[in-house]
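Summary of the model geometry
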Amino acid sequence: MTAISEVRPVPGGLGEHELLVNMGPQHPSTHGVLRVILRVDGERIVEARPDVGFLHRCFEKVSEGWTYPQVVPLTDRNDYVSAMTNELAYVLAVEKLLGLEVPEKAQHLRVLIAELQRVASHLVWFGTFALDLGATTPFLYAIREREHILDLFEALCGARLTYSYMRIGGVRNDLPPGFDRRTREFLKLMPSRLREYENLFMKNRIYELRSRGIGRVSAEEAVAYGASGPTLRGSGVDWDLRRDEPYAAYDRYRLRVPLGRNGDVYDRAYCRFEEMRASLDLIEQVLESLPEGEVRAKVPRVIKPPPGEVYSRVESPRGEVGVYLVSDGGPNPYRVKWRAPSFVHLQLLPLMAKGHVIADMVAIIGSIDIILGEVDR
Amino acid sequence: MLTDIAARLQALFDQVHLWCSQSAFWSGVFAVGWSLFKVVLIIAFMVVNVLVLVWLERKVSARIQSRLGPMRVSRPHGWAQSLADMVKLLGKEDIIPRSADRALFVIAPIVSFTAALLVYVVVPMGPSAVVSDLNIGMLYLAAVTSFTVMGVLMAGWGSNSKWTLLGAMRGAASIISYEIPMVLAVLGVVMLAGSLSTTAIVQAQSGLWNIVLQPIGFLVFLAALFAELNRVPFDMAEAESELVSGFNTEYSGLRFAFFFLAEYANLVALSAIGVTLYFGGWQGPVLPPLAWFLIKTYAFIVLVMWIRWTLPRVRIDQLLSFGWKVLLPASLVNLAVTGIYLLWV
């Protein structure tokens, strides 16, 4: 058998006791088609190099050939676990380019839906993270609760995964009848379920042993690498776009931002988990103070923004989703650049993985919650 | 009526035995035939149990995870699922990787399976229902259970794949750290019974079960059992989310079925041993011994499954340090306490 090292030389060469292992793109815990090239000594990782691009779909180039509204469904496919937040990032950018005034109610609905999406996304993260660490049951529990949110979204816009609900100038439609009641039921259910998750997994002794002190990133390193979202806050940096650079109607609400201290797997996971509670609190606030009115501004059929460029960013469940949009005055965007938090966080992987073992590797990948659709775009 | 049939069979058996013992040749044939009959009986018992267990595991896990589990293959509750699975596995292509070490690759599943089979020899299912009441039963057991790892190691090395190799190395590395505490824990029971024979151990528990006298020993035994059975939280050699599927990644079809069979056969065997050592074996009121044995064994198995579907997995080095720093001292303390108890009480 020809060793892989002979086919593709490893930079720096393999040490005497070292082995080159391909983790992925077909591996149960790389969350999709991520390939990590591991140089291991026994099970200890000497070097980890992520290799991305297996899911590349030319999103940015394709967007240039489509009109502004047509790009909205495309953005769904970037981070398919939290499609709503992606749409929001994109439509906010277009609105900024147009200088469009969005109705008040639409802004509040956007907050409501984005936070529901955040809970749904974090539930998927929680389930898969537990799965990575060998606990299968939390996954089923988390998916069960996520189902409630997907049902809500289905009632809202007919789709369960790729919604195209956020529109340029507002949202597609108002809340359907019964949405408010069902959301309140969900809010009532969730706290006890979150406690159940804690008892089952987050406060489990084995879980603590597996996650404390693993994959540490200092606050300085996190900032230097451009980390954002829970990955950044896990290292103790108090930065949340929803609070520090509010968009939509976030400035009208109180937001609790959970922080970690050590920047290890445990703290990142803690941040994500507590964010679910914070989001549920936020959803309740929105439901209490939802204004009446239009949900969509009048926009021309063919959108031709004036020439110019904007950068707009939102806090997605994974971190900062940024959209850099350039218009040349035509009906299609001249350039769409997507800043995906998963892609940025993946660069932290070599730093986090070094010196740990393969078993920790899956915990680390789980803790930064990457979505390969977003990494490769 | 059952006792009637049993009596008739006994009579028939006695007659054949008597007739055979008249000549040296026929008594030899009888001895071989009788042994073969026992082997077939064990395998049948094992396979039936495994089929039930695979279904039960899926049902128990489904119950824990608020699902239904298999429902489609026959009613009620898809009981024929395991049969369907087995037929499916038999129909699969038998793949041997080109770069594999053929001999090792082929032998490994058989070694695993045989190791599981050997344990049944000393499991007492009733006062006289034991294949062979060895007077060194527990020693034999300690030797035979270590054999499983041979299969794992051969499969991992023979597949010539990096993931399987890592799985095999984990299996080999962890075995000492849990086998020693396990044997030491079992020694406490042996001291109480004053015998290595499994039948004697069961009989010694006619008054009080060992679980009452040996709680620490039992916990050590239980922890080591999970490592021995390759189950979460100690499923080092398999570790699906880490090592793809560990040592059996490259196996398919019938050979994989053998590993699967061995895994569940081990589950039954070691649960039966657990019941024998700590829960009074086949002893119990009203019901016949075999019924008690099965009830207790299955209760034990459900406990093992329950833990498996609840906990996350520990890391290999954590298992090693847990074995050496927690289980070993605990089993030694247990041994010392048992010794003092026997001396003074």
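Here we summarise the structure given alongside this text.

**Observations regarding the overall build of chain B**
Summing up its helical and strand segments, chain B has 14 helices and zero strands in all. Traced from its N-terminal end to its C-terminal end, chain B shows the element sequence α-α-α-α-α-α-α-α-α-α-α-α-α-α. Taking 345 residues into account, the globule formula puts the C-alpha radius of gyration at 20 Å, and chain B, at 21 Å, falls close to it. Taken along its principal axes, the extent of the C-alpha atoms in chain B is 60 × 55 × 45 Å.

**Regarding the packing of helix α5 (residues 104-132) of chain A against helix α6 (residues 137-157) of chain A**
Residues and elements named next belong to chain A. Taken N-terminus to C-terminus, the directions of α5 and α6 make an angle of 155 degrees; their axes are 8 Å apart at the nearest point. By the angle between their axes, α5 is roughly antiparallel relative to α6. The hand of the α5/α6 crossing is left-handed. Touching I113, L116, Q117, V119, A120, L123, V124, F126, G127, T128, A130 and L131 of α5 are P138, F139, A142, E145, R146, I149, L152, F153 and L156, all from α6. In terms of residue class, the contact of α5 with α6 is made up of 16 nonpolar, three polar and two charged.

**Some remarks on empty space enclosed by the protein**
Residue and element names in this part refer to chain B. In total, this model carries one cavity of 30 Å³ or more according to the counting rule given. Considering only enclosed or pocket space, the largest cavity measures out at about 260 Å³ in volume. If you go around the largest cavity, you meet 22 residues; those closest to its centre are T148, V152, E228, L229 and N230. Listed by contribution, the elements that provide at least two residues to the lining of the largest cavity are α6 (147-158), α7 (162-193), α10 (215-228) and α12 (253-278). Take the lining of the largest cavity: its biggest share by element is four residues, from α12. A per-class count over the lining of the largest cavity returns twelve nonpolar, seven polar and three charged.

**What to know about the sheet that holds strand β7 (residues 319-327) of chain A**
Whenever strands of a sheet pair, they do so through backbone hydrogen bonds, lying parallel or antiparallel. Residues and elements named next belong to chain A. With antiparallel pairing, the three strands of this open sheet are ordered in space as β6-β7-β8. Of all the strands in the sheet, the pair left with one neighbour each is β6 (308-316) and β8 (335-339). In this sheet, adjacent strand axes meet at a mean angle of 15 degrees when their direction is disregarded. With nine bridges connecting them, β6 and β7 associate as antiparallel partners. Paired with R313 across the bridge in β7 is G322. Sheet strands touched by helix α4 (residues 83-98): β6, β7 and β8. Its angle to β6, the strand with the most contacts, is close to 150 degrees.

**Quick notes on the environment of E47(A)**
Residues and elements named next belong to chain A. With respect to the helices and strands, the residue E47 is situated in strand β3 (residues 44-51). Classification of E47 by relative accessible area gives partly exposed; the value is 25%. Along the chain, E47 and L20 lie 27 residues apart, while their C-alpha atoms are 9.5 Å from each other. The contact partners of E47, leaving out residues within four places of it in the chain, are I37, L38 and R39.

Definitions and limits used
- Residues numbered from 1 in each chain as written.
- Chains lettered and ligands numbered in written order.
- Predicted model: local features only at pLDDT ≥ 70, side-chain atom pairs only at ≥ 80, totals over all residues.
- Heavy atoms only, no water.
- Helix = DSSP H or I, 4+ residues; strand = E, 2+ residues; numbered from the N terminus.
- Rg over C-alpha atoms; globule rule 2.2 N^0.38 Å.
- Axes fitted to C-alpha atoms, helices over the stretch in contact; angles between N-to-C directions.
- Parallel < 35°, antiparallel > 145°, perpendicular 65-115°, else oblique.
- Left-handed = near helix turned anticlockwise from the far one by under 90°.
- Contact = heavy atoms within 4.5 Å.
- Nonpolar A, V, L, I, M, F, W, Y, C, P; charged D, E, K, R; others polar.
- 1 Å grid on protein atoms, 1.4 Å probe; cavity = no way out; pocket = protein on both sides within 12 Å on 5 of 7 lines; lining within 4 Å.
- Points joined across faces, edges and corners; volume = space filled by probe spheres on them.
- Pairing = 2+ DSSP bridges.
- Buried < 20%, exposed > 50% of the residue type's maximum accessible area, 1.4 Å probe, protein only.

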